[in-house]
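Coordinate analysis (summary)
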Amino acid sequence: MEAGLEDITNSYTLNEEDRIVSVGPHWDQYAMEEDAPESVADKVLGREIWDFIEGHQTRDYLFGIFHVCRIEYEEFSALYRCDTPDLYRLFRLIVKPHASGMLTVDHALIEKRQSAGIRRIAAFPDHHDTTRCSICCAFQIGGKWIDLEVRPEPGNFAKSYSICPKCQKTAQQEIDRIKAKPKLRSVN
Ligand SMILES: [Zn+2]
């Protein structure tokens, strides 16, 4: 019997140029369950991870994390949300550096439950170009970031992805912690 998604840590390895050089054993199963046949291993191996990251702020966010992992030679970890229309899902992202400049990136499912409801908001009357945080799934509505209990109608769904200030701050705190950690490296 195949493992369900809840048992799987989905992972991939990047070389020093951020190209995907290998994927974990459950990659294809994951891609199919996520309804993303264009993401099976054959179609992603050798390509840059940046081809698959939507939104320049999300790319900057990950770029910063990858950089600090390599420079400081430390593991980075952060929680993030990746919901489906019916499910609330919480994952942990773990980025592990290797001596060669390669990185292993794990996505471990921490929690999964049914969303509060499948009711939908038809529109945000005062704000039409909604942005969604790639990390916590909050929607930017006007000047506020809100974790909606109901989803917008597809036609009013977020048009772009970004990183909300709270998630930026959480990542920065983790980066600061990594940088402040005493290193075992000898200084000559
Ligand atoms: Zn956020």
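Relevant structure appears above.
Residues numbered from 1 in each chain as written. Predicted model: local features only at pLDDT ≥ 70, side-chain atom pairs only at ≥ 80, totals over all residues.

All right, on to the sheet that holds strand E1 (residues 9-14) then. With antiparallel pairing, five strands are arranged side by side in an open sheet as E2-E1-E5-E4-E3. Both outer strands of the open sheet, strand E2 (20-23) and strand E3 (76-81), are each paired with one neighbouring strand and no more. Between one strand axis and the next, the sheet turns by 20° as a mean value, whatever way the strands run. As paired elements, E3 and strand E4 (residues 87-97) share six bridges and run antiparallel to each other. When the bridges of E4 are listed, Tyr 80 appears paired with Phe 91. Of the strands in this sheet, E3, E4 and strand E5 (103-114) are in contact with helix H3 (residues 56-72), which crosses E4 at around 35°. (Pairing = 2+ DSSP bridges. Helix = DSSP H or I, 4+ residues; strand = E, 2+ residues; numbered from the N terminus. Axes fitted to C-alpha atoms, helices over the stretch in contact; angles between N-to-C directions. Contact = placed C-beta atoms within 7 Å.)

Pairing is mixed in the open sheet, where four strands are placed in the order E9-E8-E7-E11. Two strands close off the open sheet at either side, each with one partner strand: strand E9 (144-146) and strand E11 (160-162). Taken pair by pair, the neighbouring strands of this sheet meet at an average axis angle of 40°, ignoring direction. Pairing analysis gives three bridges linking strand E7 (residues 131-133) to E11, with the strands arranged parallel. When the sheet's bridge partners are listed, Cys 133 is paired in E11 with Ser 162.

Turning next to the nonpolar core. By size, the foremost hydrophobic cluster in this structure holds 20 residues, and its most contacted members are Ile 65, Cys 69, Val 95, Cys 133, Ile 163 and Cys 167. It is H3 that contributes the most residues to this core, five residues altogether. Discounting chain neighbours no more than four positions away, the residues touching Cys 167 are Cys 133, Ile 135 and Cys 136. (Core = buried A, V, L, I, M, F, W, Y, C linked by C-beta atoms within 7 Å. Buried ≥ 20, exposed ≤ 12 C-beta atoms within 10 Å, placed from the backbone.)

It is worth spelling out the environment of Glu 174 at this point. Secondary-structure assignment places Glu 174 in helix H4 (residues 165-180). Here the alpha-carbon distance between Glu 174 and Ser 77, two residues 97 residues apart in the chain, equals 7.7 Å. Every residue in contact with Glu 174, bar those within four places of it in the chain, is listed here: Phe 76 and Ala 78.

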